[in-house]
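Here is how the chains run, residue by residue.
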There are 2 protein chains.
Amino acid sequence: MIIDGKQAAAELRKQLSVQVDQLQQEKNIIPGLTVILVGEDPASEVYVRNKVRQTRELGMNSNEIRLPADTGEAELLARLEQLNRDSEVHGILVQLPLPAHIDEARILAAIDPQKDVDGFHALNSGRLFNGSGDALVPCTPQGCVILAKRHLGNDLNGKHAVVIGRSNIVGKPVAILLLQENCTVTIAHSRTENLAGLCRQADILVAAVGRPHFVRGDWIKPGATVIDVGINRIADAGGKSRLVGDVDYQAAVEVAGAITPVPGGVGPMTIACLLKNTLAAARRYG
Amino acid sequence: MIIDGKQAAAELRKQLSVQVDQLQQEKNIIPGLTVILVGEDPASEVYVRNKVRQTRELGMNSNEIRLPADTGEAELLARLEQLNRDSEVHGILVQLPLPAHIDEARILAAIDPQKDVDGFHALNSGRLFNGSGDALVPCTPQGCVILAKRHLGNDLNGKHAVVIGRSNIVGKPVAILLLQENCTVTIAHSRTENLAGLCRQADILVAAVGRPHFVRGDWIKPGATVIDVGINRIADAGGKSRLVGDVDYQAAVEVAGAITPVPGGVGPMTIACLLKNTLAAARRYG
């Protein structure tokens, strides 16, 4: 089975759209997301454009702030302070990466945790980690779990999940989410020994490495659910570029019970979960 | 090899004692720890007494606040607020468990994260999780890693660590610490399937289950390092009570490369790491 992330994202957006209407009718609140883009990274511009468009399609307010690449850290902090105080802004997203002269950690720490729809603030990480239930949870990990459940159903009890990658953005938070779903969770990474053998134990394999075709077909247990978080641009034989995941899809699709394609797998879910977080922030704190 | 936690704790305290003297000479700061005990749980009283005594032995200030079991949540919060503002108090520890009428989560969230020497505040959990380096880290997990290194040396690169238990106090934070040491980390728990087989893969096995003799000798890979976090009181054949760990020590000691005994393993390290956190808080924020 191919797990269709576009379809899953469309379904989630449809649910959210109903909930956005409800919130407006019941409490007269329209969720508002502000995205800040510093500089002119072309990939970031595409991401931001998609986020803004999809936010509006859902009936939410969307605001885009574009700042020149030489914007100072102090100015960015002042902008955030303004947005933190603005009651019509429920979600604030600073598009990463930031220019090198800006301290990313300091910026992320300056976003009001209640508006931190990326879920990268330490207070949200801690709430996720402690399972206190009031965290805004990073978007890509949320998407991974939704896609795994699309194939496996809601009960992931006792499944062995192997996560390759230990980033703050994907690897570690998806491990915690899978642990909360009662999976046994193994976190593997570049220092892991016998990675292939470890992956072969996985009922659920999450690849978040950032290396094209890193996970081979014979690393996959027959019938396993494979969630491919990688988005790598490579040149094919004809010299054209295309996007591939961290998993050797052609080989893996023959072995796996279910697998997410790239593109069209985890990617679309990430933005949908951003919209979900924005709605959640507006509901809880709006 | 038996990993001597009493000896390791004594060595750590000796180092800390030198650093306490230095801090006083260089900055005229004496680290101060305040422990709050609500009610009269006999086990808690023993813990608190030990903490207070060891704090003083190190030349730090120690203050004990005892409140009756019927103390209201509001009163406890007011006390914490006072201590948060007191510049001579660098560490605040609320002895758990609290009486049932008090919301533990609310109390832990009310401690200034800079004084949270137990490391249970969500902001400290998040900083640990994100690896930002400024976390106050829970004491027992710190002790586990120090003891593992006592046998294995400082380089834990690529070791497979299996942690049984996923509590906020031990299982999850020790998993994160081992991950930061470049271990491959598996978190197992009550829903894990084939737990014995999983444990047999472990180069480092951390048992934090709270069930006497839960881990059998034949679950242990020959030569593995076993860290036993359990402290369980059981009645022996003669009707007397004694403390045992989560691991069947008699069987495990024959197989393991190194193992912590109970008592005298992880237990003594927990208090020593509390003193370490108090010193760190005084240094950073004093």
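Worth saying up front: this structure is predicted, and the values here are computed from it rather than measured.

**A short note on the overall build of chain A**
Piece 1. If you tally the helices and strands in chain A, you get 10 helices and 10 strands.
Piece 2. Radius of gyration (C-alpha) of chain A: 19 Å, near the 19 Å computed for a compact globule of 286 residues.
Piece 3. With the C-alpha coordinates of chain A rotated into their principal frame, the extents come out at 50 × 45 × 35 Å.
Piece 4. Looking at chain A as a whole, 55% of its 286 residues qualify as buried.
Piece 5. If you sum the accessible surface of chain A, you get close to 12,200 Å²; carbon and sulfur atoms cover 47% of it.
Piece 6. Across chain A, the centroid of the 30 positively charged side chains sits 3 Å from that of the 31 negatively charged ones.

**Things to note about the interface of chain B and chain A**
Piece 1. Contacts between the two partners involve 32 residues from chain B and, on the opposite side, 32 residues from chain A.
Piece 2. Between chain B and chain A, the buried area comes to about 2,700 Å², and carbon and sulfur atoms account for 54% of it.
Piece 3. Ranking the residues of chain B by area buried against chain A places Phe129, Asn130 and Leu179 of chain B at the top, with a combined share of 23%.
Piece 4. Summed over the shared surface of chain B and chain A, the result is zero salt bridges.
Piece 5. At the level of elements, helix H5 (122–130), helix H7 (171–180) and strand S5 (184–188) of chain B are the ones that each hand at least two residues to the side of chain B that touches chain A.
Piece 6. For the side of chain B that touches chain A, the element with the highest residue contribution is H5 of chain B, accounting for seven residues.

**Description of the pairing of strand S4 (residues 160–164) of chain A**
Residue and element names in this part refer to chain A.
Piece 1. In terms of residue burial, S4 counts as a mostly covered element, since five of its five residues are buried.
Piece 2. Alternating residues of S4 divide into His160, Val162 and Ile164 and Ala161 and Val163, and every residue in both groups is buried.
Piece 3. Where S4 lies against strand S5 (residues 184–188), five bridges are found, and the strand directions are parallel. Bridge pairing in S5 places isoleucine 164 opposite alanine 188.
Piece 4. A crossover links S4 with its parallel partner S5, the connecting element being helix H7 (residues 171–180), and its sense is right-handed.

**What about the relation of the copies chain B and chain A?**
Piece 1. Mapping chain B onto chain A leaves a residual RMSD of 0.0 Å; the transformation is a rotation of 180° accompanied by 0.0 Å of translation along its axis. Taken together, the rotation and translation relating the two chain copies correspond to the operation of a two-fold axis.
Piece 2. Most of the interface of chain B is mirrored in chain A, where 100% of its interface residues again form contacts.

**Some remarks on the UniProt feature "binding site: NADP(+)" (unreviewed entry) in chain A**
Residue and element names in this part refer to chain A.
Piece 1. Mapped onto the present numbering, the UniProt feature "binding site: NADP(+)" (unreviewed entry) falls on Gly165, Arg166, Ser167 and Ile231.
Piece 2. Structurally, serine 167 is set in the loop between S4 and H7.
Piece 3. Here serine 167 is in contact with Lys172 and Pro173, once residues within four sequence places are set aside.
Piece 4. In terms of polar contacts, serine 167 uses its side chain to reach the backbone amide nitrogen of valine 170, at 2.9 Å.
Piece 5. Looking at the secondary structure, you find isoleucine 231 in the loop between strand S7 (225–228) and strand S8 (232–235).

**Re the confidence of the model for chain A**
Piece 1. Mean pLDDT for chain A: 97, with 100% of residues reaching 70 or above.
Piece 2. The ipTM, which scores confidence in the relative placement of chains, is 0.96 for this predicted complex, and the corresponding pTM is 0.97.

**Things to note about the side chain of arginine 127 of chain A**
Piece 1. Relative to the helices and strands, arginine 127 of chain A resides in helix H5 (residues 122–130).
Piece 2. With sequence-adjacent residues up to four places away left out, arginine 127 of chain A is seen in contact with Ser132, Gly133, Asp134, Ala135 and Tyr285 of chain A together with Ala122 of chain B.

**Here we look at the sheet that holds strand S1 (residues 32–38) of chain B**
All names here are of chain B.
Piece 1. Strands sit in the order S2-S1-S3 across an open sheet of three strands; the sheet is parallel. Every other strand in the sheet has two partners, leaving strand S2 (61–67) and strand S3 (91–94) as the edge strands with one partner each. Going across the sheet, the axis of each strand differs from the next one's by a mean of 15°, ignoring polarity.
Piece 2. Note that S1 and S2 share seven bridges and pair parallel. Note that in S2 the partner of leucine 33 across the bridge is serine 62.
Piece 3. Across the face of the sheet, helix H2 (residues 42–57) comes into contact with S1, S2 and S3 while running at roughly 160° to S2.

**With respect to the nonpolar core**
Piece 1. Counting 110 residues, the largest nonpolar core has Leu178 and Val206 of chain A together with Leu178 and Val206 of chain B as its most contacted members.
Piece 2. Excluding residues that lie within four positions of it along the chain, leucine 178 of chain A makes contacts with Val145, Leu156, Ala161, Val163, Cys183, Val185 and Val206 of chain A.

**Points about the environment of threonine 270 of chain B**
All names here are of chain B.
Piece 1. Examined against the element boundaries, threonine 270 turns out to sit in helix H10 (residues 266–285).
Piece 2. You can call threonine 270 partly exposed: its relative accessible area is 23%.
Piece 3. With residues near it in sequence (within four places) discarded, threonine 270 still touches Cys139 and Thr140.

Rules used in this analysis
Residues numbered from 1 in each chain as written. Chains lettered and ligands numbered in written order. Predicted model: local features only at pLDDT ≥ 70, side-chain atom pairs only at ≥ 80, totals over all residues. Heavy atoms only, no water. Helix = DSSP H or I, 4+ residues; strand = E, 2+ residues; numbered from the N terminus. Rg over C-alpha atoms; globule rule 2.2 N^0.38 Å. Buried < 20%, exposed > 50% of the residue type's maximum accessible area, 1.4 Å probe, protein only. Areas by Shrake-Rupley, 256 points an atom, 1.4 Å probe, with all protein chains shown as cover. Lys, Arg positive; Asp, Glu negative; His and termini not counted. Charge placed at Lys NZ, Arg CZ, Asp CG, Glu CD. Contact = heavy atoms within 4.5 Å. Buried area = accessible area lost by both parts, 1.4 Å probe. Salt bridge = Lys/Arg side-chain N within 4 Å of Asp/Glu carboxyl O. Pairing = 2+ DSSP bridges. Right-handed = clockwise from strand over helix to strand, strands pointing away. Least-squares fit on C-alpha atoms with pLDDT ≥ 70 in both. UniProt positions renumbered as here; feature names shortened; annotations may be inferred. Polar contact = N/O pair within 3.5 Å; in protein donor to acceptor, adjacent residues only side chain to side chain. pLDDT = per-residue confidence, 0-100. Axes fitted to C-alpha atoms, helices over the stretch in contact; angles between N-to-C directions. Core = buried A, V, L, I, M, F, W, Y, C linked by side-chain atoms within 4.5 Å.

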